[in-house]
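# Summary of structural features
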Amino acid sequence: MAGAAGGAFASFYCFYSGAPLIYTTAKAPAGVVVGVLMVVVVLIQPFVLAVGPWTRNRSRVVSMSLLAIAAGLAALPFGVLWPGLIILGVGFGVFVVTATAWAKELAAPANVGWALGVYGFGSAIGGAVGAPVGLLLAARFGASGVVLGGTVFALLAVLPVLAVAKNIAYNGPTHLARLNSPASPLTDGVASGVGLPNVAAVLVVLVILAAHLLAVVLYAAVLSSAASLVTGTTAIAAVLAVFATQSTVALGRLASGALCDHSSAVGTAASAAVLLVISAACFTVPDSTPLVQIGASAAVGAGAGMMQTAALTLMMRRAQTPARTEQVSAAWNITFDLGLGAGAVLASIMALA
């Protein structure tokens, strides 16, 4: 599933990063195109919850969502921009909800954190690969190159899904019955809400989502303002800052998954928060060197990646049914999307200050 997520996110970010170049002279500005796409991605996710019983065949739904991504991209060069964007956005929105839920369901109860960390690592690597590839294809081949690259990434992502489905068919869903049973063991008393009234349990989830949101906002702000972090130096420093941030997000997610299972998800989240506070403080140091700023960017990425997996693990451990799993997946992904937007806005405000 990490491989499928890598292909899906590579496909999405291939178009996301290439759009500003391929729509520079179009009637619809690139900002409007990307904005409409993100609105569709966010709005479709609650709808997935409403049709939950029809999404329980995970392999079919995930495969269809990947094919929708490919179809939406393939339609763009033929003058069907808005329908193509809607199909692309729907496919990606359905994918992130159902694939995240499936990644959790495939894991043994004791290995949920590691499974989500590996899945998050795959999606982060996909985004890190897809974004520069999209820029390169847009610069060299224009819209056709971006569309072809994104379509290939999406189609390749179907192969791991088919492999997972074949493995389940051959070996049987060894963990799914236990995981989705109301009597399944809970591995984190704090996250499970055991002994807590409903209001307190909801407050716990809200606190977790708030921590996740703040981590994503800080990560997005650093990523969006990477060019301004190295004012007066070469463009290489800006590229290094972006690469450091993106790569440490992936590594942070992976490390957090292991820590959540072998130590404590709450402790992992607290450690991530401390790392984020310290790394953010580094940006307030006047006249800091580019090396310090790149290091701080890497630390922000690592802290954000750790917090993302820890928050997802804490909530997923409370989810004892497929419906609850989908709700957690949607809440986490919507919060992530909102955090990306808020972080970009924050970076713009900081640039004007």
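Residues numbered from 1 in each chain as written. Predicted model: local features only at pLDDT ≥ 70, side-chain atom pairs only at ≥ 80, totals over all residues. Heavy atoms only, no water.

On to the overall build of the protein chain. The helix and strand inventory of the protein chain stands at 14 helices and 0 strands. If you list the helices and strands of the protein chain from N to C, you get α-α-α-α-α-α-α-α-α-α-α-α-α-α. Buried residues in the protein chain amount to 51% of all 353 residues. Within the structure as shown, the protein chain displays about 15,500 Å² of accessible surface, and the carbon and sulfur contribution to it stands at 75%. (Helix = DSSP H or I, 4+ residues; strand = E, 2+ residues; numbered from the N terminus. Buried < 20%, exposed > 50% of the residue type's maximum accessible area, 1.4 Å probe, protein only. Areas by Shrake-Rupley, 256 points an atom, 1.4 Å probe, with all protein chains shown as cover.)

Within the secondary structure, Arg58 sits in helix H3 (residues 58–75). Here Glu105 takes part through its side chain, which lies 2.7 Å from a polar atom of the side chain of Arg58. (Polar contact = N/O pair within 3.5 Å; in protein donor to acceptor, adjacent residues only side chain to side chain.)

This brings us to the packing of aromatic side chains. Summed over the entire model, instances satisfying the criterion amount to 7 aromatic pairs. Each ring, one from Phe12 and one from Phe92, has its centre 4.0 Å from the other, and the planes form 10°; the classification is stacked. With Phe12 in helix H1 (residues 2–22) and Phe92 in helix H4 (residues 81–105), this pair connects stretches of sequence that are 80 residues apart. The same class applies to Phe12 and to Phe92, which are both buried. A centroid spacing of 5.6 Å and a plane angle of 65° characterise the contact between Tyr13 and Tyr16, whose relative ring orientation is edge-to-face. With Tyr13 and Tyr16 both in helix H1 and 3 residues apart, the pair spans about one turn of that helix. (Phe/Tyr/Trp six-rings, centres within 6.5 Å; stacked < 30°, edge-to-face > 60°.)

For H4, which comprises 25 residues, the first-to-last C-alpha distance of 36 Å matches the rise-based estimate of 36 Å (1.5 Å per residue) to within 8%. With 20 of its 25 residues buried, H4 lies for the most part within the structure. (Expected span 1.5 Å × (residues − 1).)

With that settled, consider the nonpolar core. Among the nonpolar cores identified, the biggest contains 52 residues, and Phe15, Tyr23, Leu66, Leu76 and Phe95 are the most heavily contacted of them. Mapped onto this core, the elements with two or more residues apiece are H1, helix H2 (30–50), H3, H4, helix H5 (112–141) and helix H6 (143–171). Look past the residues within four positions of Leu66 in its chain and what remains in contact with it is Ala8, Phe95, Ala154, Ala157, Val158 and Val161. Within the second largest apolar cluster, 31 residues are counted, among which are Ala124, Val249, Ala272 and Met306. (Core = buried A, V, L, I, M, F, W, Y, C linked by side-chain atoms within 4.5 Å. Contact = heavy atoms within 4.5 Å.)

Before going further, it helps to examine the packing of H3 against H4. The N-to-C vectors of H3 and H4 enclose an angle of 155°; their axes lie 7 Å apart at closest approach. In terms of orientation, H3 lies roughly antiparallel with respect to H4. The chirality of how H3 crosses H4 is left-handed. Listed contacts from H4 to Arg58, Ser59, Val61, Val62, Ser65, Leu66, Ala68, Ile69, Gly72, Leu73 and Ala75 of H3 are Gly84, Ile87, Leu88, Gly91, Phe92, Val94, Phe95, Thr98, Ala99, Ala101, Trp102 and Glu105. (Axes fitted to C-alpha atoms, helices over the stretch in contact; angles between N-to-C directions. Parallel < 35°, antiparallel > 145°, perpendicular 65-115°, else oblique. Left-handed = near helix turned anticlockwise from the far one by under 90°.)

What follows deals with the packing of H1 against H2. Relative to each other, H1 and H2 sit at 155°, their axes nearing to 8 Å. What the angle tells us is that H1 and H2 run roughly antiparallel. Crossing handedness for the pair H1 and H2: left-handed. Where H1 approaches H2, its residues Phe12, Phe15, Tyr16, Ala19 and Pro20 are matched on the opposing element by Ala30, Val33, Val34, Leu37, Met38 and Val41. In terms of residue class, the contact of H1 with H2 is made up of 11 nonpolar, no polar and no charged. (Nonpolar A, V, L, I, M, F, W, Y, C, P; charged D, E, K, R; others polar.)

On inspection of all chains with the given rule, the structure shows 4 salt bridges. In this structure, Arg58 engages Glu105 in a salt bridge whose closest nitrogen and oxygen atoms are separated by 2.7 Å. You can see Arg58 sitting in helix H3 and its partner Glu105 sitting in helix H4, a full 47 residues away along the chain. Neither residue differs from the other here; Arg58 and Glu105 are each classed as buried. With a shortest N-O distance of 3.0 Å, Asp261 and Arg317 are connected by a salt bridge. Residue Asp261 is located in helix H11 (residues 235–262), and its partner Arg317 is located in the loop between helix H13 (290–316) and helix H14 (322–352); the two are separated by 56 residues in the primary sequence. Since its relative accessible area comes to 18%, Asp261 is described here as buried. Judged by its relative accessible area of 8%, Arg317 falls in the buried class. Residues participating in the shared-partner salt-bridge network are Arg56, Arg58, Glu105 and Glu326. (Salt bridge = Lys/Arg side-chain N within 4 Å of Asp/Glu carboxyl O.)

With that out of the way, let us pick up a nonpolar patch on the surface. On the surface, Leu148, Val152, Leu156, Leu159 and Leu162 cluster together to form a nonpolar patch covering roughly 490 Å² of accessible area. Of note, Leu148 is situated in helix H6. (Patch = residues over 30% accessible without salt bridge, like charges linked within 9 Å, V, L, I, M, F, W, Y side chains within 5 Å.)

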